[in-house]
Amino acid sequence: MNVKFFHSTAIVFSIATVVAVASELPASAQTANPKISTSAAALKDRSRVNTIAQADPTYPSTQPSTPTTDPTTPTTEPTTPTTDPTTPTTEPTTPTEPPATNPDPIEPGSSTRGGSSYIGVGANIGIDGSTALGDTNFTVISKIGLTNAVSARPSVIIGDNTTILIPVTYDFNLQPTGIDTGSEAGSIFAPYVGGGLGISTGDDSDVGPMLTAGVDVPIGEQFTANVGANVGFLDDTEVGIQIGVGYNFAGF
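Residues numbered from 1 in each chain as written. Predicted model: local features only at pLDDT ≥ 70, side-chain atom pairs only at ≥ 80, totals over all residues. Heavy atoms only, no water.

1. Considerations on the confidence of the model for the chain
Fine structural detail should not be taken from predicted coordinates in areas where pLDDT scores are low.
Line of reasoning, step 1. With 55% of its residues at a pLDDT of at least 70, the chain reaches an overall mean of 74.
Line of reasoning, step 2. Throughout residues 51-62 the model reports pLDDT below 50, and contacts reaching past four residues in sequence, or to other chains, amount to zero contacts. (pLDDT = per-residue confidence, 0-100. Contact = heavy atoms within 4.5 Å.)

Dropping the structure here:
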């Protein structure tokens, strides 16, 4: 009887214990959940602290890139002006002086404005004097152009006391009104005037100044007629008129 009683009592006590445990289980679960949440949060915070601790706060794992261009120096230097701002790009124009007139070049044998150079023969008609210049004689005449307006006109009067004349003349170019010859050398009327030296030879040899004046008249393209008066101041005043024809040439 006692065994049964204790057996029954044990069964009842076991059931009561199960019921009591079952009734306490939801409350325990609710109490445990905050603990679990708290534990999870703590673990998350600890993981963050560990991650932060592993990284050196003073030396970041990735250093900032060094800029390729110095921020204090501009990548493009300011362009230097090619022209000095204080100096004008164009210098003030200097007033140009009129070019100096150069004298005509000396070209012996060239044509002048009075016609071509020539050499020829003629006659001297003496007017007064005791040399060949003052008597009627055969003469050799010439014209040697030096510049456009200047000529040398040496001549030799052959006879007793042969006389050599070496004048330098200034040549003119006169054309009749309404006639166009087309060239300076083709002028119809070309007077000249000048002076130089007269040299007489023989018994009455002497050297003195002389004057000359005359005119050249072209005869076609190859010949020039000449008429001139010569006055020489030698022992006496010598005066002669020469008439001749020359053959034209161009230069030496």
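2. A word on empty space enclosed by the protein
Line of reasoning, step 1. All told, the structure shown has one cavity of 30 Å³ or more when counted by the stated rule.
Line of reasoning, step 2. Looking at the largest cavity, it is lined by 14 residues, and the ones nearest its centre are S142, R153, S155, Y192 and Q242.
Line of reasoning, step 3. Of all the secondary structure elements, the ones that give two or more residues to the lining of the largest cavity are β2 (137-145), β5 (163-171) and β8 (223-233).
Line of reasoning, step 4. For the lining of the largest cavity, the element with the most residues is β5, which contributes three residues.
Line of reasoning, step 5. Its residues assigned to classes, the lining of the largest cavity comprises six nonpolar, seven polar and one charged. (1 Å grid on protein atoms, 1.4 Å probe; cavity = no way out; pocket = protein on both sides within 12 Å on 5 of 7 lines; lining within 4 Å. Points joined across faces, edges and corners; volume = space filled by probe spheres on them. Helix = DSSP H or I, 4+ residues; strand = E, 2+ residues; numbered from the N terminus. Nonpolar A, V, L, I, M, F, W, Y, C, P; charged D, E, K, R; others polar.)

3. A few points about the pattern of salt bridges
Line of reasoning, step 1. Applying the stated criterion across every chain, the model contains three salt bridges.
Line of reasoning, step 2. Put simply, R153 and D216 hold a salt bridge, and the shortest N to O gap is 2.9 Å. Separated by 63 residues along the polypeptide, R153 in the loop between β3 (150-152) and β4 (155-158) and D216 in strand β7 (residues 206-219) bring together distant segments of the chain.
Line of reasoning, step 3. A single network of salt bridges, built from pairs that share partners, joins K143, R153, D171 and D216. (Salt bridge = Lys/Arg side-chain N within 4 Å of Asp/Glu carboxyl O.)

4. Overview of the pairing of strand β6 (residues 190-200)
Line of reasoning, step 1. In this sheet, β6 lies alongside β5 in antiparallel orientation, the contact comprising nine bridges. Paired with V168 across the two strands is G195, which belongs to β6.
Line of reasoning, step 2. The pairing of β6 with β7 spans 11 bridges and is antiparallel. Residue G195 lies in a different strand from β7, and its bridge partner there is L211.
Line of reasoning, step 3. Joining the antiparallel neighbours β6 and β7 is a turn of five residues, in which G202 adopts a positive phi near 90°. (Pairing = 2+ DSSP bridges.)

5. Quick notes on unusual backbone geometry
Line of reasoning, step 1. One non-glycine residue with positive phi stands out, namely N161, at about 55°.
Line of reasoning, step 2. Position of N161 relative to the elements: it lies in the loop between β4 and β5.
Line of reasoning, step 3. Relative accessible area serves as the criterion here: at 16%, N161 is assigned to the buried category. (Buried < 20%, exposed > 50% of the residue type's maximum accessible area, 1.4 Å probe, protein only.)

6. Topic: the side chain of S151
Line of reasoning, step 1. You can see S151 is positioned in strand β3.
Line of reasoning, step 2. With a relative accessible area of 0%, S151 lands in the buried category.
Line of reasoning, step 3. A distance of 2.5 Å separates a polar atom in the side chain of S151 from a polar atom in the side chain of D171.
Line of reasoning, step 4. Contact partners of S151, with chain neighbours within four places excluded, come to T112, K143, I144, G145, L146, P167, V168, T169 and D171. (Polar contact = N/O pair within 3.5 Å; in protein donor to acceptor, adjacent residues only side chain to side chain.)

7. Considering the environment of S130
Line of reasoning, step 1. Within the element layout of this structure, S130 appears in the loop between β1 (117-128) and β2.
Line of reasoning, step 2. With 105 residues separating them in the primary sequence, S130 and D235 have C-alpha atoms 8.4 Å apart.
Line of reasoning, step 3. When neighbours within four sequence positions are excluded, S130 is seen to be in contact with N161, D204, D236 and E238.

8. Examining a negative patch on the surface
Line of reasoning, step 1. There is a patch of like negative charges on the surface, built from D128, D203, D204, D235 and D236.
Line of reasoning, step 2. Of note, D203 is situated in the loop between β6 and β7.
Line of reasoning, step 3. Classification of D203 as exposed rests on a relative accessible area of 78%. (Patch = residues over 30% accessible without salt bridge, like charges linked within 9 Å, V, L, I, M, F, W, Y side chains within 5 Å. Areas by Shrake-Rupley, 256 points an atom, 1.4 Å probe, with all protein chains shown as cover. Lys, Arg positive; Asp, Glu negative; His and termini not counted. Charge placed at Lys NZ, Arg CZ, Asp CG, Glu CD.)

9. Examining the packing of aromatic side chains
Line of reasoning, step 1. For the coordinates displayed, the defined rule picks out two aromatic pairs.
Line of reasoning, step 2. Centroid distance Y170 to F172: 5.1 Å. Interplanar angle 75°. Geometry classified as edge-to-face.
Line of reasoning, step 3. Of the residues examined, Y170 reaches a relative accessible area of 38% and is grouped as partly exposed.
Line of reasoning, step 4. In this structure F172 comes out as partly exposed when scored by relative accessible area, which is 33%.
Line of reasoning, step 5. When the ring of F223 is compared with that of Y247, the centres are 5.6 Å apart and the planes differ by 70°; the resulting orientation is edge-to-face. Placement of F223 in strand β8 and of Y247 in strand β9 (residues 237-249) is noted, with a sequence separation of 24 residues between them.
Line of reasoning, step 6. Exposure remark for F223: the relative accessible area of 35% places this residue in the partly exposed category.
Line of reasoning, step 7. In this structure Y247 comes out as partly exposed when scored by relative accessible area, which is 43%.
Line of reasoning, step 8. Here the basic side chain of R153 rests over the ring of Y192, its NZ or CZ set 3.5 Å away from the ring centre. (Phe/Tyr/Trp six-rings, centres within 6.5 Å; stacked < 30°, edge-to-face > 60°. Lys NZ or Arg CZ within 6 Å of the ring centre and 35° of its normal.)

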